[in-house]
Amino acid sequence: MSTLKVNTIQEVDGSAFPFDYPKLDSGSGTSGGSALVFDNLDLTTYRAFDLILTYAPDSDNKNAAFRFRTGGSSGSDLSLSNYAYGINFQYPDASSGIISRQSENHVEIGENIGSGTEEGIHVQARIHFATSSDTGDLARLTNRMDFNANRRIYTGDLRFDHGIGIYNNDDTTYPTGFTFYFIGANVGAYIYCLYGIKR
């Protein structure tokens, strides 16, 4: 078997090859506080972000949620009731269900997440941001998060989810970050990697 080791990849003209999907951040810990917050994102360079996140609540039977943020590190969550989302979820016994809601103050990611051994939720999310350069009312559709997740609930049972959520306030709200948290609990253990998708 051959091994290829490369220090640099170049264009034909010798310039650096432009990688458009860089890893921007990663982290882990045993106590995430009230929320995992991603602020001051470079929205000039990146149109969207991919997050791979596994996290658990510090108490049992809690729902995981997502919100956009604005105002940078001194800012706040966008918590008006202008979120809409839908989730398809599957059980290991070949049954399934659907949740679809609007006029909510968050996007639900998963219900009844446990805090015990091997319990928690794993999320892969693509988070897309509206900007002032979006055409007209299209900004109302582009504050969007698409996700898939697997979770172990407080009874130890598994669930599998796919969902989409949007923040649909107006065509002039431009978030600068986002947060993942649990309703009624702090974040316990967590691990994540954040990637940027260039414009």
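Structure first, text after, so check above.
Quick summary incoming for the structure in this document. On a predicted model such as this, the values are computed, not experimentally measured, just so you know. (Residues numbered from 1 in each chain as written. Predicted model: local features only at pLDDT ≥ 70, side-chain atom pairs only at ≥ 80, totals over all residues. Heavy atoms only, no water.)

In this structure, Tyr-55, Ile-109, Ile-127, Phe-178 and Phe-180 are the most contacted members of the largest nonpolar core, which totals 38 residues. Here this core gets five residues from one element, more than from any other, and that element is strand S3 (residues 46–57). Excluding residues within four positions of it along the chain, Phe-178 makes contact with Leu-36, Val-37, Phe-38, Leu-41, Leu-51, Phe-66, Arg-67, Phe-68, Arg-69, Ile-127, Phe-129 and Leu-194. (Core = buried A, V, L, I, M, F, W, Y, C linked by side-chain atoms within 4.5 Å. Buried < 20%, exposed > 50% of the residue type's maximum accessible area, 1.4 Å probe, protein only. Helix = DSSP H or I, 4+ residues; strand = E, 2+ residues; numbered from the N terminus. Contact = heavy atoms within 4.5 Å.)

Inspection of the secondary structure assignment puts Asp-39 in the loop between strand S2 (36–38) and S3. Only 3.0 Å separates the side chain of Asp-39 from the side chain of Arg-69, close enough to count as a polar contact. Apart from residues no more than four positions distant in its own chain, Asp-39 is found in contact with Arg-69, Gly-72, Ser-73, Thr-176 and Gly-177. (Polar contact = N/O pair within 3.5 Å; in protein donor to acceptor, adjacent residues only side chain to side chain.)

Another point: the packing of aromatic side chains. Throughout the structure, instances matching the rule amount to 16 aromatic pairs. Ring centres of Phe-178 and Phe-180 lie 5.9 Å apart, and the angle between their planes is 85°; this geometry places the pair in the edge-to-face category. Judged by relative accessible area, Phe-178 falls into the buried class, the value being 0%. Among the aromatic residues, those joined into a ring-pair cluster are Phe-38, Tyr-46, Phe-49, Tyr-55, Phe-66, Phe-68, Phe-129, Phe-178, Phe-180, Phe-182, Tyr-190 and Tyr-192. (Phe/Tyr/Trp six-rings, centres within 6.5 Å; stacked < 30°, edge-to-face > 60°.)

Below, the discussion takes up the sheet that holds strand S11 (residues 158–167). Ordered by their spatial adjacency, eight strands build an open sheet running S1-S13-S3-S9-S10-S11-S6-S7, and the pairing between neighbours is antiparallel. Single-partner strands in this sheet number two, and they are strand S1 (23–29) and strand S7 (96–104). Going from strand to strand, the sheet's axes swing by 10° on average, the running direction of each strand aside. Alignment of strand S6 (residues 83–90) against S7, held across seven bridges, turns out to be antiparallel. Counterpart to Asn-88 in the pairing with S7 is Ile-98. (Pairing = 2+ DSSP bridges. Axes fitted to C-alpha atoms, helices over the stretch in contact; angles between N-to-C directions.)

On to the pairing of strand S8 (residues 107–113), then. Here S8 lies mainly inside the structure; five of its seven residues are buried. In this sheet, S8 lies alongside strand S4 (residues 62–70) in antiparallel orientation, the contact comprising four bridges. The residue of S8 that forms the bridge with Phe-66 is Val-107.

Before going further, it helps to examine unusual backbone geometry. Glycine aside, negative phi is the norm for most residues, and most peptide bonds take the trans geometry. Here Ser-103, not a glycine, exhibits a phi torsion of approximately 55°, which is positive. Along the chain, Ser-103 turns up in strand S7. Unusually for a residue other than glycine, Asn-112 sits at a positive phi of about 60°. Turning to its location among the elements, Asn-112 is positioned in strand S8. Residue classification places Asn-112 among the partly exposed residues on the basis of a relative accessible area of 27%.

Along the chain, His-106 turns up in the loop between S7 and S8. Overall, His-106 belongs to the buried group, its relative accessible area being 9%. Engagement of the side chain of His-106 in a polar contact is seen with the side chain of Asn-105, the distance being 2.7 Å. Once residues within four sequence positions are removed from consideration, His-106 is found in contact with Ala-65, Phe-66, Arg-67, Tyr-83, Tyr-85, Tyr-181 and Ile-183.

Keep in mind these values describe shape, not function.
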